Amino acid sequence: MKTPHTKHSQLLRFVFVFAHVFFISNGRTLLSTNNHQMIRAVNLGGWLVTEGWMKPSLFDSIPNKDFLDGTELQFKSATIGKYLSAELGGGTIIVANRTSASGWESFRLWRINERSFHIKVFNNQFLGLDSAGVNLVAISTNSEASGIFEIIRKPDDPSRVRIKAPNGLFLQAKTEDLVTANSQANGGWRNDDPSVFEMTIVQRLQGEYQITNGYGPLKAPKIMKDHWDTFIVEKDFEFIATSGLNAVRLPIGWWTASDPTPPKPYVGGSLLHLDNAFLWAKKYKLKVILDLHAAPGSQNGYEHSASRDGSILWGQTEESIQETIRVIEFFTARYAPNPSLYAVELINEPRASGVPLDVLSKYYEAGYQAVRKHAPNAFVIISSRIGADATELLPLTVSKMKDVVIDTHYYNLFRDIFNSMTVDQNIDYVRVNRSSELQAITTSNGPLTFVGEWVAEWQVQGATKEDFQRFSKAQQDVYGRASFGWSYWSLKNVNNHWSMEWMIKNGYIKL
Ligand SMILES: *[C@@H]1O[C@H](CO)[C@@H](O)[C@H](O)[C@H]1NC(C)=O
Ligand SMILES: *[C@@H]1O[C@H](CO)[C@@H](O)[C@H](O)[C@H]1NC(C)=O
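Analysis parameters
Residues numbered from 1 in each chain as written. Chains lettered and ligands numbered in written order. Predicted model: local features only at pLDDT ≥ 70, side-chain atom pairs only at ≥ 80, totals over all residues. Heavy atoms only, no water. Axes fitted to C-alpha atoms, helices over the stretch in contact; angles between N-to-C directions. Helix = DSSP H or I, 4+ residues; strand = E, 2+ residues; numbered from the N terminus. Parallel < 35°, antiparallel > 145°, perpendicular 65-115°, else oblique. Left-handed = near helix turned anticlockwise from the far one by under 90°. Contact = heavy atoms within 4.5 Å. Nonpolar A, V, L, I, M, F, W, Y, C, P; charged D, E, K, R; others polar. Near = heavy atom within 4 Å. Polar contact = N/O pair within 3.5 Å; in protein donor to acceptor, adjacent residues only side chain to side chain. Areas by Shrake-Rupley, 256 points an atom, 1.4 Å probe, with all protein chains shown as cover. Expected span 1.5 Å × (residues − 1). Bend = angle between axes of the 7 residues up to and from the residue. Domains from an automatic or database assignment. Buried area = accessible area lost by both parts, 1.4 Å probe.

This brings us to the packing of helix α5 (residues 318–335) against helix α6 (residues 357–374). Put simply, α5 and α6 touch, their axes get as near as 9 Å, and they point 25° apart. With respect to α6, the element α5 is oriented roughly parallel. Remark: the crossing between α5 and α6 carries right-handed chirality. Of the residues in α6, those touching α5 at Glu318, Ile321, Thr324, Ile325, Ile328, Glu329, Thr332 and Ala333 are Val359, Lys362, Tyr363, Ala366, Gly367, Ala370, Val371, Lys373 and His374. Broken down by class, the residue content of the contact of α5 with α6 amounts to nine nonpolar, four polar and four charged.

This is the structure:
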């Protein structure tokens, strides 16, 4: 079925090709000099960079699996009825005088092994005992020098806990401003025992750091190998190639560049699977968009960038940037000889609240050069920042770079405005608002544009199959006007709508 919109996009494409030829014939290099084909891709998410929500069973057999790196906990004293809090967010004492809990009352775990943890407070100091060895404080910024704690759960009520301090005794909230580590914990689990706390799990992370450190060095290598061997296989490339798609966007993590001996807790073996992906891509004539999804230190604090505890450390030191450049160079040099290497995405979704534009811009310029050293004709993709307007990247790209692409991700999710939208409002939002956002960055002499992630999922309850078909069609129409193309998130997912394979096989998406 042809609609005015697909005709429109064909017209735009024609104009684009025409403009392309025109500019080249004028000796201009601002537009692509490649034989650019519209990308219709699918992400191979959750494969070489773990995301627990896409395949929760991966985490099932981790011992003490509620307590992984980055798990955020709150503790309410059973005796006082108030929350533990790092006074001032950290740097001084711990108190038990807050009636409600948010940032200062949240504690993040660093897992040493299944029983032992360092515990981090809001301002990034770690819990420990003061010089007298009794009062609980959050002063040290060095995890190694901080205390090692255990969390002991009541066997028949796991939200009731005691916390064992580095001195072998238990924490107790003696008064609202006196939290000490000197309880023998012999009051049963009664409310009048000040060593008893009600624990709430506020947030969990289930990324590559959590799974590898959670299983530990003995078990993680086999768990990861089994996942890599089975989650994406050659048949998937065949399926993609015969479904009307022409490319894959392949999220990778920085540690794969130091295979087979990546820094702990990451485990070796992923590079072989990336090599396989390139062999299969070549065999089935699919293009590969290599996407550095997880950069050293994490560029957005999410599990999908392998953040340890939700913090954003990438870009805060020159070393983290230099290391990332080396990673980009390693991958580009390794795969440049494969005709399937089509584009290198320098970093995925840096978050505006943690990564300043000037730091990112410097990295993009250096990363661009690193790709160019080995792959003169590959596209270089730069990702817009989460929480910032993608147009901010336009000044960077104009004239300085050739064959550069801006990637922007469109989800009708993750913001309150989508919570109450109907089917038609969702579709209108794509046709009107997304379309104008995309138009704002799709300029005639600037970079190409790419909707590198989208999904036919929304907050609508009880939508019909036909609703989904209309929604995915609207998105294909609009994102099809991105001058580089689009990529669905993702090929496989236990949540059906997030699995393009399921959506295609069940007729929800037609290409
Ligand atoms: C909690 O205790 C600390 C230390 O005595 C005090 O400075 C702070 O004002 C108290 N906060 C509340 C909300 O009572
Ligand atoms: C979408 O764009 C329209 C037209 O510019 C505007 O009136 C509307 O407020 C936008 N919707 C949202 C949810 O931002």
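Continuing now.
Near ligand 1, the surroundings consist of Glu87, Val95, Asn97, Arg98 and Asp177. Asp177 is positioned with one of its side-chain polar atoms (N or O) 3.1 Å from an oxygen atom of ligand 1. Isolated, ligand 1 exposes 360 Å² of accessible area, and the fraction of that covered by the protein chains is 49%. In the shell around ligand 1, the residues fall into one nonpolar, one polar and three charged.

Another aspect to go through is the site of ligand 2. Near ligand 2 the following residues occur: Tyr429, Val432 and Asn433. In this structure, an oxygen atom belonging to ligand 2 sits 2.4 Å away from a side-chain N or O atom of Asn433. In the complex, the protein chains occlude 33% of the 360 Å² of accessible area that ligand 2 would expose alone.

Further remarks concern the environment of Lys55. Inspection of the secondary structure puts Lys55 in the loop between β1 (39–43) and β2 (72–77). Those residues in contact with Lys55 that sit more than four places away from it in its chain are His227, Thr230, Phe231 and Val494. For Lys55, the side chain forms a polar contact with the side chain of His227, separated by 3.0 Å.

Okay, helix α2 (residues 208–231) next. Under the 1.5 Å per step criterion, the end-to-end length of α2 is only 15 Å for 24 residues, more than 12% shorter than the ideal 34 Å. When the local axis directions of α2 are compared, the greatest deviation, roughly 125°, occurs at Gly216, which is followed within four positions by the proline Pro217.

Along its sequence, the chain is organised into domain 1 (36–56 + 206–505) and domain 2 (71–203). For domain 1 and domain 2, the distance between their C-alpha centres works out to 38 Å. Between domain 1 and domain 2, the residue contacts involve five residues of the former and four residues of the latter. With both chains or domains summed, domain 1 and domain 2 bury close to 530 Å², and 32% of this area falls on carbon and sulfur atoms.

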